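# Coordinate analysis (summary)
Chain by chain, the residues run as shown.
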Amino acid sequence: MLSFILRRLSVQIPTFLGLTLLTFTLIRLIPGDPIEVMVGERTLDPQMHAEAMHRLGLDKPLYQQYFDYLSNLLHGDLGLSLVTKESVWSEFTTLFPATLELAIAAMLFASVFGLLAGVIAAIRRGSVFDHGVMGISLTGFSMPIFWWGLILIMFFSVQLGWTPVSGRLDLAYDVQPVTGFMLIDTWLAEAADPELNAGAFRDALMHLILPAVVLGTIPLAVIARMTRSSMLEVLREDYVRTARAKGLSPARVIFIHTLRNALIPVLTVMGLQIGTLMGGAVLTETIFSWPGIGKWLIDAIARRDYPVVQNGILIVATLVIVTNFVVDILYGIANPRIRHAK
Amino acid sequence: MSLLDIHNLSVHFGSEKHPFAAVDGLDLTVNQGEIVGIVGESGSGKSVTMMAMMGLLEGQGRILADRLDFDGKNLLTISGRERRRIVGKDIAMIFQDPMTSLNPSYTVGYQIREVLALHQGLRGAALNRRALELMEMVEIPAAKSRLEAYPHQLSGGMSQRVVIAMAIACNPKLLIADEPTTALDVTIQAQIMELLVNLQQSQNMALIMITHDLAVVAEVAHRVAVMYAGQVVETGPVEALFRHPAHPYTEALLASIPEHSKGAERLSTLPGIVPGHYDRPRGCLLSPRCPYVQEVCRADRPALLQHGATAARCHFPLVAKEA
């Protein structure tokens with residue numbers, strides 16, 4: 001098992017190298033540099049500009065900047081933000097729980113409804129429900145996130161007034177960031193001071209719903225379609241017929257004998273969705289002013305904050321790779337044929 | 001009274017308007033403790049008949065019958081819940097390919113215990129004991145450790161033994177073996193067949209053996225039903241049917257056994273194929289292929305009538321000609 005994990009990890013080394021090169025180059029390809037962006041419209045003395053660039057080490061040749069960057073990485077140094085002078089890592093850890101909370105909520109939404117819709121569509125193959133689910137999921141899958149988010153805000157927040165437009169919590173509440181997860185923090189705050197923070201948890205929940213739905217839409221569509229086709233495939237298997245021939249109830253045949261096996265490809269797809277989720281988080285957080293990693297990266301790109309962009313993306317990419325890795329291991333639990341393979 | 005009594009069973013697939021009769025007016029009875037062989041080429045409706053009886057067609061086929069009784073219960077009218085109380089307990093089935101008949105995600109023990117828990121309500125130690133006992137009954141070596149094995153860790157022969165253990169778990173009155181040895185290699189085939197016949201005798205079950213292998217039928221079965229294009233074309237005691245087949249199809253089937261063509265250049269065959277959806281004859285279903293065909297055969301479909309020792313669907317049964 002250990003050698004399996006190490007082997008899988010070593011495969012990722014070129015991926016990381018390629019990633020650093022890509023982010024390093026791409027951010028520098030965007031016109032303008034950090035100093036110009038900071039100064040903005042005002043005219044800038046070339047002398048001062050050169051000095052500032054020298055101070056940041058940005059006047060060195062590109063290859064040298066890249067090797068400095070790599071050597072810092074190897075020393076575990078993710079650098080400081082050019083704008084806030086905070087360490088990239090500490091900024092990341094402060095903001096990450098917000099993104100994680102959003103991603104978990106989105107994935108929960110997508111998994112529960114995706115699996116349910118996929119299973120029912122497969123059992124009632126060819127029915128109105130089946131065609132409906134497949135049609136809607138195709139639409140959902142092709143929906144541009146920023147547009148879908150704005151439509152939902154217009155309808156539910158502006159017209160109906162059911163949910164707040166943006167942010168994580170109403171300003172009226174005084175909630176200490178204990179875990180960084182707003183749902184947990186508000187719950188703690190409400191328990192600590194029921195009078196001042198009455199309704200804080202509900203408010204945080206209402207803030208979370210729309211962004212989670214928007215972010216979860218594409219994974220929902222993918223999971224529903226994958227579950228359906230995987231279920232249909234497994235339903236044709238001989239062992240499902242055996243299960244029926246045993247006289248087992250339809251529910252047991254579906255959930256114990258069919259879904260368990262149908263889940264294996266669905267798990268892969270869920271793992272792959274983590275990447276989509278991170279990409280989607282950038283857009284979703286921007287639309288809903290959600291103070292998470294996505295918004296942080298967008299802001300950093302706008303400010304040409306090179307270390308934040310390079311290392312922020314690197315951390316996110318590492319997370320995606322690690323989650324996919326965990327999914328690989330989860331496979332073994334879902335599928336004994338893999339677990340026992342040498 | 002027969003244990004299983006099927007009269008005029010039809011199973012239709014496809015549209016209501018232009019149905020395809022995979023099973024077309026089939027009659028079959030099986031008595032307690034009897035071994036009945038069902039033979040016929042691929043697509044003759046052998047498996048569909050059994051699946052229809054067990055309710056495994058899952059609403060894909062329409063089942064019509066004058067009578068479909070098992071152990072005094074009408075399988076046509078009982079609810080799904082009642083049927084599930086019979087299926088897997090009193091009627092059990094063994095399938096063709098043991099390697100795909102077991103769920104790959106669960107241990108062998110789990111899958112055997114599942115039947116016992118469902119139909120006999122066994123729990124805990126009693127459940128484990130009975131599962132182990134069944135594994136030993138089907139002669140699986142190192143039965144105790146094999147209970148924790150997954151299907152992919154077993155050979156085809158071992159898997160089929162597990163499937164058999166699952167099928168006989170609740171002492172069924174009727175065991176249906178649907179080509180139980182087709183997917184296995186020859187040496188294992190004999191072992192599995194022997195095991196089935198031994199179990200049939202020790203448990204006093206009725207056994208329906210669906211097979212292509214006429215030799216197996218000749219050896220183990222008491223009675224044979226020969227199926228062709230969804231009908232039983234001839235049925236009777238094994239000896240009589242093999243010695244004096246009344247139906248030309250039975251005769252052709254027996255002639256096609258390689259041993260009967262010793263010395264000949266080619267094996268004996270019956271030209272043509274089983275009629276499909278669009279070329280189903282109005283008269284006798286064999287008429288396009290029958291070497292003895294007459295005008296009346298093309299126009300009228302014969303009924304299953306007793307001719308000598310066997311019953312056959314033929315206007316000109318061979319036994320009558322000889323007599």
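Residues numbered from 1 in each chain as written. Chains lettered and ligands numbered in written order. Predicted model: local features only at pLDDT ≥ 70, side-chain atom pairs only at ≥ 80, totals over all residues. Heavy atoms only, no water.

### Some words on the overall build of chain B
Counted only if it meets this: Strands here are runs of E lasting at least two residues and helices are runs of H or I lasting at least four, both read from the DSSP assignment and numbered beginning at the N terminus. The globule rule used here is 2.2 Å times the number of residues to the 0.38 power, and the radius of gyration it is set against is calculated over C-alpha atoms. Each residue is placed in one exposure class: buried if its accessible area under a 1.4 Å probe, protein chains only, is under 20% of its type's maximum, exposed if it is over 50%, and partly exposed if it falls in between. Any pair of residues with heavy atoms lying within 4.5 Å of one another is described as a contacting pair. All accessible-area figures derive from a Shrake-Rupley calculation using a 1.4 Å probe, and residue coverage is judged against the displayed protein chains alone. Charge counting treats Lys and Arg as positive and Asp and Glu as negative, with His and both chain ends excluded. Every charge is mapped to an atom, namely NZ of Lys, CZ of Arg, CG of Asp or CD of Glu.
Each helix and strand counted, chain B has 13 helices and 13 strands in total. For 323 residues, the compact-globule estimate of 2.2 N^0.38 gives 20 Å, and the C-alpha radius of gyration of chain B, at 21 Å, lies within 12% of that figure. On the principal axes, the C-alpha backbone points of chain B span a range of 70 × 50 × 35 Å. Within chain B, the proportion of its 323 residues that are buried is 55%. Sequence-distant contacts in chain B: of pairs separated by 6 or more residues, those separated by 24 or more amount to 65%. On chain B, roughly 14,400 Å² of surface is accessible, and the fraction owed to carbon and sulfur atoms is 51%. Taking the 29 positively charged and 33 negatively charged side chains of chain B as two groups, their mean positions are separated by 6 Å.

### Description of the UniProt feature "domain: ABC transporter" (unreviewed entry) in chain B
Put simply, the rule is: UniProt positions are given in the numbering used here, feature names are shortened, and annotations may be inferred rather than shown by experiment.
The sites that carry the UniProt feature "domain: ABC transporter" (unreviewed entry) are, in the present numbering, residues 6–254 of chain B. Within residues 6–254 of chain B, the helical portion is 41% and the strand portion 24%, while the C-alpha atoms at the span's ends are 26 Å from each other.

### Focus: the UniProt feature "domain: ABC transmembrane type-1" (unreviewed entry) in chain A
When the UniProt feature table is mapped onto this chain, "domain: ABC transmembrane type-1" (unreviewed entry) is found at residues 96–331 of chain A. Along residues 96–331 of chain A the backbone is 79% helical and 0% strand, and the end-to-end C-alpha distance reaches 27 Å.

### So, the packing of helix α7 (residues 156–167) of chain B against helix α8 (residues 186–203) of chain B
Residue and element names in this part refer to chain B. Rules: Here an axis means a line fitted to C-alpha atoms, over the contact stretch when the element is a helix, while the angle between two N-to-C directions is reported on a 0 to 180 degree scale. An angle counts as roughly parallel when it lies under 35 degrees, as roughly antiparallel when it exceeds 145, as roughly perpendicular when it falls between 65 and 115, and as oblique in every other case. Helix crossings fall into two classes, left-handed where the near helix is turned counterclockwise from the far one by less than a right angle and right-handed where it is turned clockwise.
Look at α7 against α8: their axes get within 10 Å of each other, and the N-to-C directions meet at 15°. Put simply, α7 runs roughly parallel to α8. Every pair of crossing elements has a handedness; the one defined by α7 and α8 is right-handed. Taken together, the residues of α8 that come into contact with α7 (itself represented by Gly157, Gln160, Arg161 and Ile164) are Ile188, Gln191, Ile192, Leu195, Leu196 and Leu199.

### Some thoughts on the sheet that holds strand β7 (residues 91–94) of chain B
Pairing between the strands of a sheet comes from backbone hydrogen bonds, and it takes one of two forms, parallel or antiparallel. Residue and element names in this part refer to chain B. Note the cut-off: When DSSP finds two or more bridges between two strands, those strands count as paired.
The mixed open sheet is built from 8 strands, whose spatial order is β7-β8-β9-β3-β10-β11-β13-β12. At either end of the open sheet lies a strand with only one pairing partner, and these are β7 and β12 (304–307). Taking the axes of each pair of neighbouring strands and ignoring which way they run, one obtains an average angle of 20° across the sheet. In this structure, strand β3 (residues 35–39) lies alongside strand β10 (residues 223–228), joined through 4 bridges in parallel fashion. Looking across to β10, one finds that valine 36 is bridged to arginine 223. Strand contacts of helix α11 (residues 248–255): β3, β10 and β11 (231–237), with the helix running at about 100° to β10, the strand carrying the most contacts.

### Here's the deal with the interface of chain B and chain A
Heads up, the condition is: Buried area, as used here, totals the accessible surface that two parts lose on assembly, with accessibility defined by a 1.4 Å probe and the loss added over both. By salt bridge we mean one thing: a side-chain nitrogen of Lys or Arg within 4 Å of a carboxyl oxygen of Asp or Glu. Here a polar contact is recorded for every N or O atom pair within 3.5 Å, except that within protein the pair must consist of a potential hydrogen donor and a potential acceptor, and residues adjacent in sequence are included only if both atoms are side-chain atoms. Gly is put with the polar residues, along with every residue not named as nonpolar or charged; the nonpolar set is Ala, Val, Leu, Ile, Met, Phe, Trp, Tyr, Cys and Pro, and the charged set is Asp, Glu, Lys and Arg.
With 26 residues of chain B in contact, the opposing surface of chain A contributes 21 residues. The largest contributions to the chain B side of the interface with chain A come from Arg84, Pro104 and Glu114 of chain B, which together make up 22% of the buried area. Where chain B touches chain A, the interface holds 2 salt bridges. In this assembly, chain B and chain A are joined by 14 residue pairs in polar contact (both at pLDDT 80 or more). Mapped by element, the contributors of at least two residues to the side of chain B that touches chain A are α1 (46–54), α3 (98–101) and α4 (108–120) of chain B. Tallied by class, residues from the side of chain B that touches chain A come to 13 nonpolar, 9 polar and 4 charged.

### Some thoughts on the environment of cysteine 290 of chain B
Residue and element names in this part refer to chain B. Its location among the elements puts cysteine 290 in the loop between α11 and α12 (295–299). Taking the relative accessible area as the measure of exposure, cysteine 290 reaches 14% and is therefore buried. In sequence terms cysteine 290 and proline 248 are 42 residues apart; their C-alpha atoms lie 6.8 Å from each other.

### Here we look at the packing of aromatic side chains
Residue and element names in this part refer to chain A. Operational definition: Ring pairs are drawn from Phe, Tyr and Trp, using the six-membered ring of Trp, whenever the two centres fall within 6.5 Å, and their geometry is named by plane angle: stacked under 30 degrees, edge-to-face over 60, tilted for the rest.
Inspection of every chain in the model, using the stated rule, returns 12 aromatic pairs over all chains. With 5.0 Å between their ring centres and 20° between their planes, phenylalanine 92 and phenylalanine 96 make a pair best called stacked. With phenylalanine 92 and phenylalanine 96 both in helix α6 (residues 88–123) and 4 residues apart, this pair spans about one turn of that helix. Here the two residues phenylalanine 92 and phenylalanine 96 agree in accessibility, since each one is buried.

### Side note on the domain arrangement of chain A
Residues and elements named next belong to chain A. Formally: Domain borders in the structure are assigned automatically or taken from a domain database.
When its domains are assigned, chain A resolves into domain 1 (2–74) and domain 2 (92–339). Relative placement of domain 1 and domain 2: their C-alpha centres are 32 Å apart. Facing the 20 residues of domain 1 at the interface are 16 residues of domain 2. In this structure, the connection of domain 1 to domain 2 is made through 0 salt bridges. Taken together, domain 1 and domain 2 are joined by 3 residue pairs in polar contact (both at pLDDT 80 or more). Listed by contribution, the elements that provide at least two residues to the side of domain 1 that touches domain 2 are α1 (2–10), α2 (13–29), α3 (34–39) and α5 (62–74). No other element matches α2, which puts 8 residues into the side of domain 1 that touches domain 2. Of the residues belonging to the side of domain 1 that touches domain 2, the class tally is 12 nonpolar, 5 polar and 3 charged.

### Notes on α2 of chain A
All names here are of chain A. Note the cut-off: Any helix carries an expected span of 1.5 Å times its number of residues minus one. Note: the arc covers the axis-to-C-beta directions of the helix.
With 17 residues, α2 should cover 24 Å at 1.5 Å per step; its first-to-last C-alpha distance of 25 Å lies within 8% of that length. Regarding α2, the residues found buried are Leu19, Thr20, Thr23, Phe24 and Ile27. Projection of α2 onto a plane perpendicular to its axis shows the buried side chains occupying an angular sector of 120°, all on one side. Every exposed residue of α2 that faces more than 90 degrees away from the buried side is listed here: Pro14, Leu22 and Leu29.

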